[in-house]
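A look at the structure
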Amino acid sequence: MIAALLIAGAVLLMAGAELLVRGAARIAVATALPSLVVGLTIVAFGTSAPELAVSIGATFADRPAIAIGNVVGSNIFNVLFILGLSASVVPLVVDRQLVRLDAPVMLAASVVLLLMALDARIDRAEGVLLFSGLLTYTWWIVRQRRPTVEPVTAAATARPERFGRLIARSAIIAVVGLALLVLGARWFVSGAVALARVLDVSEAVIGLTIIAAGTSLPELATSVVASIRGERDIAVGNIIGSNIFNILAIVGLCGILAPHGVAVVPSMIDFDIPVMLAVAVATLPVLYSGMRVSRAEGGFLLAAYAAYTLYLVLQATQHQATL
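Structure report, in brief. (Residues numbered from 1 in each chain as written. Predicted model: local features only at pLDDT ≥ 70, side-chain atom pairs only at ≥ 80, totals over all residues. Heavy atoms only, no water.)

Topic: the overall build of the protein chain
Check the secondary structure of the protein chain and you find 13 helices and four strands. Sorting the 323 residues of the protein chain into buried and exposed places 50% on the buried side. Of the contacts formed within the protein chain by residues at least 6 apart in sequence, a portion of 86% connects residues at least 24 apart. Per element, the accessible surface of the protein chain, about 14000 Å² overall, is 69% carbon and sulfur. (Helix = DSSP H or I, 4+ residues; strand = E, 2+ residues; numbered from the N terminus. Buried < 20%, exposed > 50% of the residue type's maximum accessible area, 1.4 Å probe, protein only. Contact = heavy atoms within 4.5 Å. Areas by Shrake-Rupley, 256 points an atom, 1.4 Å probe, with all protein chains shown as cover.)

What follows is the structure in structure tokens.
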């Protein structure tokens, strides 16, 4: 039953994210936004929808370790595993603007999260501050990278009724995807909590590993496929944008929606959030090195994720090496 819940939840999360991204991407194409903006916003926010659904579901279920662990683990997984794997497949050329603005924003958001977590709670005021940061960031990048052409002017002007139907169909697809995400998140969280009890492993570790990797599957598929197809702005922008969204939107909303804020377990304050911050710091020199992520750097990122996961497993089983 636990396996069935996890698998069914993951399938619904993947299907919901696919529909949500597909609908949102069609709307983005209709507005002629640059591919990097699409990757940093529409694609990044869409593929982070599973994390959003799971963390909010865990917040309402009073499972704060899963809610915060999912975000922290996903951010670590996104950079070390997804960026590493994508670069191992095809070396990634990085947009200069992404290195100068978006990667530092990811780093700043990580620092802010660590500072807010030091008192072991993300309260409502801090949640509002984080979410306001997302709105400001989104407004800024769209403003700075406006489309250079009018949004599908020929189609919109010559056949406005057809253009309207296209937008409506795309919106319906996105809404159906969102509904699947909500249901999938409920099943996935239930399965993960049950698994933690059976294995006698803390919910924090489950959130940092199984749930984080499971909810990051849309980012993984999107970035790897985008790398193979040569859409490298989308591949890298998806990862950086997802990490920014995870902190500012997901932690922010969890803090806003929880009546007394979201608790942060001590182990995350002492180890996992600092690791997430260190990963964000390490991203800068990797991206700056020739404005590309080489296969060798991709391999290094993958090795770092393997070491992090191994440490969590050894710690969860109270192995002598971690004592």
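That covers the picture; the talk isn't over yet.
Digging into the environment of Val90
By the element assignment, Val90 lies in the loop between helix 4 (64–89) and strand 1 (92–93). Spatially, the C-alpha atoms of Val90 and Arg229 are 9.7 Å apart, while their sequence positions differ by 139 residues. In this structure Val90 touches Ser227, Ile228, Arg232 and Arg295, once residues within four positions along its chain are discounted.

Focus: the pattern of salt bridges
Following the criterion strictly, the structure yields one salt bridge and no others. Arg63 is the partner of Glu203 in a salt bridge, and the nearest nitrogen-oxygen pair spans 2.8 Å. Residue Glu203 is found in helix 9 (residues 203–215), and its partner Arg63 is found in the loop between helix 3 (49–60) and helix 4; the two are separated by 140 residues along the sequence. Overall, Arg63 belongs to the partly exposed group, its relative accessible area being 23%. (Salt bridge = Lys/Arg side-chain N within 4 Å of Asp/Glu carboxyl O.)

A look at the layout of surface pockets
In this model, the largest pocket occupies a volume close to 420 Å³. What lines the largest pocket is a set of 15 residues, among which Glu18, Val21, Thr222, Val225 and Arg229 lie closest to the centre. Among the secondary structure elements, those contributing two or more residues to the lining of the largest pocket are helix 1 (2–30), helix 2 (35–47) and helix 10 (217–228). When grouped by side-chain class, the residues that make up the lining of the largest pocket number nine nonpolar, two polar and four charged. Here the second largest pocket defines a volume of roughly 250 Å³. Around the second largest pocket, the lining is made up of 14 residues, and of these Ala53, Gly57, Val182, Ala185 and Arg186 lie nearest the centre. For the lining of the second largest pocket, the elements supplying multiple residues, two or more each, are helix 3 and helix 8 (160–199). Per element, the largest residue contribution to the lining of the second largest pocket is eight residues, and it comes from helix 8. Considering only residue class, the lining of the second largest pocket consists of ten nonpolar, two polar and two charged. (1 Å grid on protein atoms, 1.4 Å probe; cavity = no way out; pocket = protein on both sides within 12 Å on 5 of 7 lines; lining within 4 Å. Points joined across faces, edges and corners; volume = space filled by probe spheres on them. Nonpolar A, V, L, I, M, F, W, Y, C, P; charged D, E, K, R; others polar.)

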